[in-house]
Amino acid sequence: SSSSSNKSLMPFSLHSHSGQFCKHGEKSLEECVVASINARFEVLGLSEHMPRYHESELYSEEEDLGMCPQDLRVQFEEYVTEARRLQEKYRDTIHILVGMETEKLCVQCDCVGSFAEKVAKLKETYALDYVVGAIHHVDGIPIDFDEETFQRAVYHCLKAAKIEKVEGPSTTSDVNTNTNTSSKSNSSLNIADGSSDLSSKEVADATEELFVRYFTQLGELVEACKPDIVGHFDLIRLFRPSQPFTDRIWNSVHECVEKCISSNCLFEINTSALRKGLADPYPHRDIAKYILSKGGRFTLGDDAHKPAHVAICYDKLIDFIDCVGIKHLYVLKPANASEAIATAEVLEQTKWREWLLNM
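Quick notes on the rules
- Residues numbered from 1 in each chain as written.
- Predicted model: local features only at pLDDT ≥ 70, side-chain atom pairs only at ≥ 80, totals over all residues.
- Heavy atoms only, no water.
- Salt bridge = Lys/Arg side-chain N within 4 Å of Asp/Glu carboxyl O.
- Buried < 20%, exposed > 50% of the residue type's maximum accessible area, 1.4 Å probe, protein only.
- Helix = DSSP H or I, 4+ residues; strand = E, 2+ residues; numbered from the N terminus.
- Phe/Tyr/Trp six-rings, centres within 6.5 Å; stacked < 30°, edge-to-face > 60°.
- Pairing = 2+ DSSP bridges.
- Contact = heavy atoms within 4.5 Å.
- Expected span 1.5 Å × (residues − 1).
- Arc of directions from axis to C-beta.
- pLDDT = per-residue confidence, 0-100.
- Right-handed = clockwise from strand over helix to strand, strands pointing away.

## Here's the deal with the pattern of salt bridges
Then, in step 1: In total, this model carries 19 salt bridges according to the counting rule given.
Then, in step 2: Linking Glu88 and Arg91 is a salt bridge whose minimum nitrogen-to-oxygen distance equals 3.3 Å.
Then, in step 3: Using a relative accessible area of 46% as the deciding quantity, one classes Glu88 as partly exposed.
Then, in step 4: Between Lys123 and Asp228 there is a salt bridge, with its nearest N and O atoms 3.4 Å apart. With Lys123 in helix H4 (residues 112-125) and Asp228 in the loop between helix H7 (200-225) and strand E7 (229-230), this residue pair connects regions lying 105 residues apart in the sequence.
Then, in step 5: Connected through shared salt-bridge partners, Asp139, Glu208, Glu209, Arg213 and Arg248 make up one network.

## Remarks on the packing of aromatic side chains
Then, in step 1: As enumerated under the stated definition, the model contains 14 aromatic pairs in all.
Then, in step 2: Ring geometry for Phe12 versus Trp355: centroids 6.0 Å apart, planes at 65°, classification edge-to-face. Note that Phe12 is positioned in strand E1 (residues 12-13) and Trp355 in helix H12 (residues 352-357), a separation of 343 residues in sequence.
Then, in step 3: The class of Phe12 is buried, set by a relative accessible area of 0%.

## With respect to the pairing of strand E9 (residues 297-301)
Then, in step 1: Where burial is concerned, most of E9 is hidden: four out of the five residues are buried.
Then, in step 2: Note that strand E8 (residues 266-270) and E9 share five bridges and pair parallel. If you follow Asn270 over to E9, its bridge partner there is Gly301.

## Concerning the environment of Val138
Then, in step 1: Residue placement: Val138 occurs in strand E5 (residues 137-138).
Then, in step 2: Taking the C-alpha atoms as reference, Val138 lies 9.6 Å from Thr216; in sequence the two are 78 residues apart.
Then, in step 3: Those residues in contact with Val138, other than ones at most four positions away along the chain, are Ile143, Leu210, Arg213, Tyr214 and Gln217.

## Concerning helix H8 (residues 247-262)
Then, in step 1: Look at H8: 22 Å from first C-alpha to last across 16 residues, which is about the 22 Å you get at 1.5 Å a residue.
Then, in step 2: Those residues of H8 not exposed but buried are Ile249, Ser252, Val253, Cys256, Val257 and Cys260. Seen along its axis, H8 keeps its buried residues to an arc of 135°; they face one direction. Of the exposed residues in H8, the ones pointing more than 90 degrees away from its buried face are Asp247, Glu255, Glu258 and Ser262.

## With respect to the side chain of Ser18
Then, in step 1: One can find Ser18 in the loop between E1 and helix H1 (29-38).
Then, in step 2: With a relative accessible area of 0%, Ser18 lands in the buried category.
Then, in step 3: The residues touching Ser18, leaving out its near neighbours within four places in the chain, are Gly25, Glu26, Lys27, Ser28, Leu29, Cys32, Glu48 and His305.

## Focus: the confidence of the model for the protein chain
Then, in step 1: Confidence in the prediction of the protein chain, expressed as mean pLDDT, is 84, and 81% of residues score 70 or more.
Then, in step 2: Considering only residues more than four positions removed or in separate chains, one finds that residues 1-9, a stretch of pLDDT under 50, has 16 contacts.

## A few points about the pairing of strand E2 (residues 43-49)
Then, in step 1: Counting buried positions along E2 gives seven out of seven residues, so the element sits mostly inside the fold.
Then, in step 2: Neither face of E2 is left uncovered, since the one carrying Val43, Gly45, Ser47 and His49 and the one carrying Leu44, Leu46 and Glu48 both have all their residues buried.
Then, in step 3: With respect to chirality, the unit in which E1 leads through H1 into the neighbouring parallel E2 is right-handed.
Then, in step 4: The pairing of E2 with strand E3 (residues 95-101) spans seven bridges and is classified as parallel. The residue bridging Glu48 from the neighbouring strand is Met100, located in E3.

Printed below as a string of structure tokens:
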């Protein structure tokens, strides 16, 4: 539990999940809360995924369990009820914020606005403390699930953008999507829908298109939903960590960052990228430096999906934060309970170096 001498340190994460309410997580929500207390957290943001509304949006593990969209709505309601119970039970030990992480823009929604209405309605109905704005799909295809599905998203972009077919390898220097040049996925896609044996130029162009669409669609979500935090800003890097950032990609990043800052969002430094083997957290240090140059403010999230993930790789953050030049981290403060609709307040977090050194 928190001691009075710890009060100025305030370790925290504003992005977390549990196996109880996220089928690709593990253990109960309470076990995840207890793990955060054991890690000496003083603020914990619970951010289970918002419900999805169409069969096409179910994850494979949900399909395997025979779930339907209505089950997700019931599950979300149960999550909020349990989160509020834990918030009260542990109120003297840890400040718990009850929030949610957004999902993709519904393909079936008429427009971004109707999706934004769903997000706003959920926040109001359940009096949520905050929202993490994030996308995990591009044009309805998951981009963080596995290599095969990522390749499907690349091929979709090849078709959608009508990229001209170029025979043979490209002579340009920036087509490699990975430092491992022996990897099959660098120069060709092998998918059962007829996309095999694409040239490396086509793969590079389609991958570039996918990255551009990702940042464009994240910007659309942020602009429409005005989330409190932007989660894993460059999640698209997961399966292509060495993707060269072309001018087109950088332009889409710049536009997205501008929308996030205009919407007054905090940018999350998300350590799940380190947990999954990437060299940097999300966002990559070059992107983080750009965000900082535009006046962006940073917060932290471990994106834990089970107790063992709590505070994972936080010990690697000091070098990253110093490299980027970040001086301040920000944390959301639990709102005044007397307010009709809770809205978390942003507090500057100045003692981060002390507690990261002791994680």
